[in-house]
Amino acid sequence: MDSRTVFVLLWMLLSSTSTGIKLDGNGYVDIVIAISSKVPQDNRLIDQIKEMVTEGSFYLYDALDEKVYFREATILVPPEWNGTDFAKARTESFGKAKIRIDNPNPAYGVEPYTNQYGDCGAEGEFIHFTPEYLLNDNLIELFGSRGRVFVHEWAHVRWGVYDEYNGEEPFYHSNGRIEATRCSKNIEGQFYEVTAGGFLQECRIDPQTSLPTEGCVFFPDRNQITNSSIMFFPGLDPVTAFCQENEHNYEAPNMQNKKCGKATWTVIFEDSVDKDALRSLKPPETPPPPPSFKIVQRTQRVVCLILDVSGSMRGSRILQQQQAATHFLRNIVENQASVGIVTFSTEASTLSPLTTIDSDTTRENLIKLLPNVADGWTNVCLGLSQGLQVLQADNGDALGDELIFLTDGQATDDIKVCFTSAIQSGAIIHTLAFSDSAAHELKEMADKTGGIFLSTNDEITSNLLMDAFAKLTLSTGDYTNEPVQLESVGARTSDWFNGTVSVDQTVGNKTSFVIIYEISSPSIYIQSPSGLIYTQTNMSHEVSLKSVTLNVPGTAEPGDWKYSIQTTILQAFTITVTSQASRDDVPPITVKIRMNQQSSDGTKPMIVFAEVSQNYRPVINADVWATLESETGSVHTLQLLDNGAGADASQGDGIYSRYFTKMVDGRSSLKVRVKDQEGQTRFAVQKNSGAPYVPGYVVNGVVQLNPPKPPVFQQPLEVGSFSRTATGESFEVTLSGTSPPNFPPNRITDLGAEIQEDTVLLNWTAPGEDLDQGTAKSYEIRWSFELDMLRDSFSNGHVVNTAAVSPQEAGSAEQYSFNLSFPIQNGTTLFFAVESEDEQNAKSETSNIARASKILPGPKPPGISNPGMNLTVLVISLCVVTMVICFIVAVTTWAVKCKKLSAESKVALTL
């Protein structure tokens, strides 16, 4: 084999193992569509997925000026599905798939939607389709063809655009008229209210808002003179394009205007992850072929621990590694998984070949093999090579298997030598950097193979290494079988260490309390919600590990569990509490966290996200705190907010966010703690967006109704007491300067405006001195009769006197009322925008543009009449009038005839 062939094969192997969607030329590749383990086997799903993506590929190709299409997609089927034609999965996993097939989100039902919570232009989390949506062809008339809907959701997840309709605000005032919230404004249609009996009636007007009451619906004409926009109504046949600047409706109160303030086309080509490629791409010489598909499956989980036992691991490090690996083997890794153990320093050794976890005895036997002695040099390549050999022992390859690779030092060998072979093995490599001297290639190795990168330090009270091992699960979509971390906290004290852990109704099985101490065993008391007290006599004490464990028998009692740890000497403690779902059919509340960037040079703000949910239902009004800890030990805490302002995209969606501005050089870990706020935390029932439902169309002036949308979950539920702790992937910052960057106040995205008589009322959420933290120095408010004036040139708008406005702390609700220098006439629409400034005179971006209209209640507000409806009514009226006239003529003729006959009869009788 010549060198060129070797290079080509190596390139193919490297490219095939890299993770995440890529644009290769004009075609998207590495698209992973994962089916949840909760979905029963139905091979029709595979056929329907292929059909949807294929149709969507041609639709996308036309919509984006023949620039891109879908070239390759991989469908990941659940481990439980039977089939002989499924290839072995490599780096694909349900948890990292951008397109997921799963049981319904209760708030959406069968409606497709995208989980999206980043900035405008940022990739979304995933698209959620249900099996019923893919299999029930009756739903096509409700949402449009599946390929079109797929492209609508693809624009969310890939390019970070938002919807151009608004179910919460479907109508608005514009220049004295009532308009439907849509884009483009050239889409024509009629307004009607559908009665409970399925009849149409003229929309009623709410006297408070002068807008149509709830229940009024905009029905688009089936035939349109415009072809945009896909983010408004992809189910409309003439719609084949995304809205561009020349057609974009900037007035519409939708999320696209609120979050982006730009046309969808502009965001795709200027702000999205593909912006550079799309601007330079030219259409291919020939039309694209249909996408190719690969069906893969991940069956039994296969894991090998590769543990560093070099001399730098002596002392507390080797003990922490042993404690954390014990926790992984005892409480984290699932039954029926195969686990091997390798150690490395100057040499590498296999402590255990692949062993199936089939009992607690097997777990404990593996734990006994964990190393507790450290010596020698750090030969990373020997460890990686030995670990791969262990993985290959079962079937000859390591495809889709996992390596958990921990090291605390800079490699004494050339890690790049073995880096390539480790990646091309097809294994998923999770890397744990224990200390700031650990090799920096570890992060790249995890990124290239779909693994998780985690960093930790020597601070015992941080409990970071225990958290890191607890993070190492591989979800199949069935969270009832996965461990949930309820608590992870530490302290250094010479007295009492007390706390409370809330066990909610969704968890309780396999609940364990693991207490680790630094010097000598303390006195430990754990009290159940009903008052039962557990002491050391009920716990297992492992002196060599300096740990005490309580395994709660059966299902842990729901409620607040209190722990008290007493010591007489100054020492550190940590407590880790894990549990699993209490029922097989009820997934637990979970917390998923991440940063918006895994690597940063400090020029762009970083954002912390925490999504709190249960079976896709958002958990809102929780108390959420993030801890960001560098490998050198500096700690920064942030309260995350779900207020729809600052870094947070939408209020009340269970996604809590905050900007992280106190960046430090190096790698940092991320941990989030979540607790309920008594009496306030609950499950949300509203939804933010989804594939737009098609209520019907206007055809030749007559509305043709579609069946109603299937009902969805509506009942709000209280969550009760609960607590969670979650760990996110670590991130790395490389600053050009010596101090964290200074950022201006964040852009205000929730500015609202209202006109009451001649008074303007504005409201918004206060930004900060640095993004959404601290307090801004001042506000600048401007208004205009023209929206474009504020959008294109804020400084040319009419200024509002804000001398009396003193900014409040970031996150506070701001309100300001003022009168203009002239009386506001009925039918007038005004536009408002705000910029804020910090102490360094740095200004924020211009806010969303708020619109306010003065509409006095009247018998017939302008804009509500339907020309199509008037024509129909006119035709019907003419028909009715004609019928009435004909009836009158007929009756008159009959009466005349009768009268004439009567007269003739009388004459005859007289004669």
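Owing to the predicted nature of the structure, the values given are computational and were not obtained by experimental measurement. (Residues numbered from 1 in each chain as written. Predicted model: local features only at pLDDT ≥ 70, side-chain atom pairs only at ≥ 80, totals over all residues. Heavy atoms only, no water.)

### Notes on the overall build of the protein chain
Link 1 in the chain: What the protein chain contains, in helices and strands, is 16 helices and 51 strands.
Link 2 in the chain: A globule of 911 residues ought to have a C-alpha radius of gyration of about 29 Å, and the protein chain, at 32 Å, matches this closely.
Link 3 in the chain: Principal-axis analysis of the C-alpha atoms gives the protein chain an extent of 140 × 70 × 65 Å.
Link 4 in the chain: For the protein chain, the residues scored as buried account for 55% of the 911 residues in total. (Helix = DSSP H or I, 4+ residues; strand = E, 2+ residues; numbered from the N terminus. Rg over C-alpha atoms; globule rule 2.2 N^0.38 Å. Buried < 20%, exposed > 50% of the residue type's maximum accessible area, 1.4 Å probe, protein only.)

### Here we look at helix H13 (residues 441–449)
Link 1 in the chain: Considered for burial, the residues of H13 that qualify are Glu441, Leu442, Lys443, Met445, Ala446 and Thr449.
Link 2 in the chain: Taken from the residues just after H13, Gly450 is the one with a positive phi, measuring 80°.

### Focus: empty space enclosed by the protein
Link 1 in the chain: By the definition in use, this model includes seven cavities of 30 Å³ or more.
Link 2 in the chain: Taken together, 25 residues line the largest cavity, and the ones lying closest to its centre are Tyr108, Thr114, Asn115, Asp653 and Asn688.
Link 3 in the chain: Among the secondary structure elements, those contributing two or more residues to the lining of the largest cavity are strand S8 (113–115) and strand S35 (606–614).
Link 4 in the chain: Partitioned by chemical class, the residues of the lining of the largest cavity number 10 nonpolar, 11 polar and four charged.
Link 5 in the chain: Approximately 150 Å³ is the volume found for the second largest cavity.
Link 6 in the chain: If you trace the second largest cavity, you find 14 residues lining it, with Tyr479, Thr590, Lys592, Ser613 and Tyr616 closest to the centre.
Link 7 in the chain: Those elements that provide at least two residues to the lining of the second largest cavity are strand S33 (589–595) and S35.
Link 8 in the chain: Along the lines of polarity and charge, the residues of the lining of the second largest cavity split into six nonpolar, four polar and four charged. (1 Å grid on protein atoms, 1.4 Å probe; cavity = no way out; pocket = protein on both sides within 12 Å on 5 of 7 lines; lining within 4 Å. Points joined across faces, edges and corners; volume = space filled by probe spheres on them. Nonpolar A, V, L, I, M, F, W, Y, C, P; charged D, E, K, R; others polar.)

### Some points on unusual backbone geometry
Link 1 in the chain: In this structure, Ser184 follows Cys183 across a cis peptide bond, with omega equal to 5°.
Link 2 in the chain: Among the secondary structure elements, Ser184 is positioned in the loop between strand S11 (177–180) and strand S12 (189–194).
Link 3 in the chain: Its identity is not glycine, yet Lys510 carries a phi of approximately 50°, on the positive side.

### Details of the pairing of strand S42 (residues 696–699)
Residues in a regular strand project their side chains so that they alternate between the two faces of the sheet.
Link 1 in the chain: With four bridges joining them, S42 and strand S43 (residues 702–705) adopt antiparallel strand pairing. Paired with Tyr697 across the strands is Gln704, a residue of S43.
Link 2 in the chain: Counting the residues between successive antiparallel strands, the hairpin from S42 to S43 contains two residues, one of them, Asn700, with a positive phi of roughly 55°. (Pairing = 2+ DSSP bridges.)

### Side note on the pattern of salt bridges
Link 1 in the chain: Throughout the structure, instances matching the rule amount to 41 salt bridges.
Link 2 in the chain: Between Lys709 and Glu111 there is a salt bridge, and its shortest N-O distance comes to 3.1 Å. In this pair, Lys709 is assigned in the loop between S43 and strand S44 (723–733) and Glu111 in the loop between strand S7 (99–101) and S8, connecting sequence segments 598 residues apart.
Link 3 in the chain: Taking the shortest distance from any N to any O, the salt bridge between Arg301 and Glu334 comes out at 2.9 Å. (Salt bridge = Lys/Arg side-chain N within 4 Å of Asp/Glu carboxyl O.)

### Here we look at the sheet that holds strand S25 (residues 496–503)
Link 1 in the chain: Taking strand neighbours across the sheet as the criterion, the four strands line up as S25-S31-S27-S28 in an open arrangement whose pairing is antiparallel. Looking at strand neighbours, the two that pair on one side only are S25 and strand S28 (533–534), the edges of this open sheet.
Link 2 in the chain: Relative to S28, strand S27 (residues 523–527) is paired through two bridges, and the arrangement is antiparallel. Bridging from a neighbouring strand, Ile526 pairs with Tyr534 of S28.

### So, the packing of aromatic side chains
One pair of aromatic rings is described through two measures. These are the centre distance and the angle between the planes.
Link 1 in the chain: On inspection of all chains with the given rule, the structure shows 31 aromatic pairs.
Link 2 in the chain: Taking the centre distance of 4.0 Å and the plane angle of 15° together, the rings of Tyr108 and Tyr113 count as stacked.
Link 3 in the chain: For Tyr108, a relative accessible area of 9% translates into the label buried.
Link 4 in the chain: With 5.9 Å between their ring centres and 85° between their planes, Trp159 and Phe242 make a pair best called edge-to-face. Taken together, the positions of Trp159 in helix H5 (residues 146–159) and Phe242 in the loop between strand S16 (216–220) and helix H6 (255–260) put the pair 83 residues apart, joining distant regions of the chain. Each member of the pair, Trp159 together with Phe242, is buried.
Link 5 in the chain: Ring pairs connect the aromatic residues Tyr28, Phe70, Phe129, Tyr133, Phe143, Phe150 and Trp154, which therefore count as one cluster.
Link 6 in the chain: Positioned above the aromatic ring of Tyr133 is the side chain of Arg146, whose terminal nitrogen or guanidinium carbon lies 5.9 Å from the ring centre. (Phe/Tyr/Trp six-rings, centres within 6.5 Å; stacked < 30°, edge-to-face > 60°. Lys NZ or Arg CZ within 6 Å of the ring centre and 35° of its normal.)

### Regarding the sheet that holds strand S4 (residues 69–70)
Link 1 in the chain: Here we have three strands laid out as an open sheet, ordered S1-S2-S4, and mixed in their pairing. Whereas interior strands pair on both sides, the edge strands pair on one side only; in this sheet they are strand S1 (22–24) and S4.
Link 2 in the chain: Taken together, the two bridges between strand S2 (residues 27–29) and S4 define a ladder with parallel strand orientation. In the strand pairing of S4, Tyr28 is matched with Phe70.

### Re the layout of surface pockets
Link 1 in the chain: Estimated volume of the second largest pocket: approximately 1,000 Å³.
Link 2 in the chain: Around the second largest pocket, the lining is made up of 39 residues, and of these Val333, Glu334, Asn335, Asn481 and Gln580 lie nearest the centre.
Link 3 in the chain: Grouping the amino acids of the lining of the second largest pocket by side-chain chemistry returns eight nonpolar, 18 polar and 13 charged.

### Some thoughts on the nonpolar core
Taken as a class, soluble globular proteins show a tendency for nonpolar side chains to be buried jointly.
Link 1 in the chain: Within the largest apolar cluster, 71 residues are counted, with the highest numbers of intra-cluster contacts made by Tyr28, Trp154, Trp159 and Phe242.
Link 2 in the chain: By residue number, the principal contributor to this core is helix H2 (residues 44–63), which donates eight residues.
Link 3 in the chain: Sequence-distant contacts of Trp159, defined by excluding residues within four places in its chain, comprise Tyr28, Leu60, Leu64, Gly121, Ala122, Trp154, Phe242, Val267, Ile268, Ser272, Asp274 and Leu278. (Core = buried A, V, L, I, M, F, W, Y, C linked by side-chain atoms within 4.5 Å. Contact = heavy atoms within 4.5 Å.)

### Observations regarding helix H11 (residues 380–392)
Link 1 in the chain: With 13 residues, H11 ought to run about 18 Å at 1.5 Å a step, and its terminal C-alpha atoms sit 19 Å apart, in line with that.
Link 2 in the chain: Inspection of H11 places Val380, Cys381, Gly383, Leu384, Gly387, Leu388, Val390 and Leu391 among the buried residues, and these make up the whole buried set.
Link 3 in the chain: As for H11, its buried residues are in contact with strand S18 (302–308), strand S19 (338–344), strand S20 (348–356), strand S21 (402–407), helix H12 (415–424) and H13. (Expected span 1.5 Å × (residues − 1).)

### Points about the state of the cysteines
Link 1 in the chain: One pass over the structure, following the stated rule, counts three disulfides.
Link 2 in the chain: In this model, Cys203 is linked to Cys216 through a disulfide, with the two sulfur atoms separated by 2.0 Å. Judged by the torsion about the S-S bond (85°), the Cys203/Cys216 disulfide is right-handed. In this pair, Cys203 sits in the loop between strand S13 (200–201) and strand S14 (205–206) while Cys216 sits in strand S16, placing the two residues 13 residues apart along the sequence. Of the two residues, Cys203 and Cys216, both sit in the buried class.
Link 3 in the chain: At a sulfur-sulfur separation of 2.1 Å, the disulfide partner of Cys381 is Cys418. Disulfide Cys381 to Cys418: torsion about the S-S bond roughly -75°, handedness left-handed. A residue pair is termed long-range when its members are at least 10 positions apart, and Cys381 in helix H11 and Cys418 in helix H12 qualify at 37 residues. (Disulfide = S-S within 2.5 Å.)

Function cannot be read off these values alone, since they describe shape.
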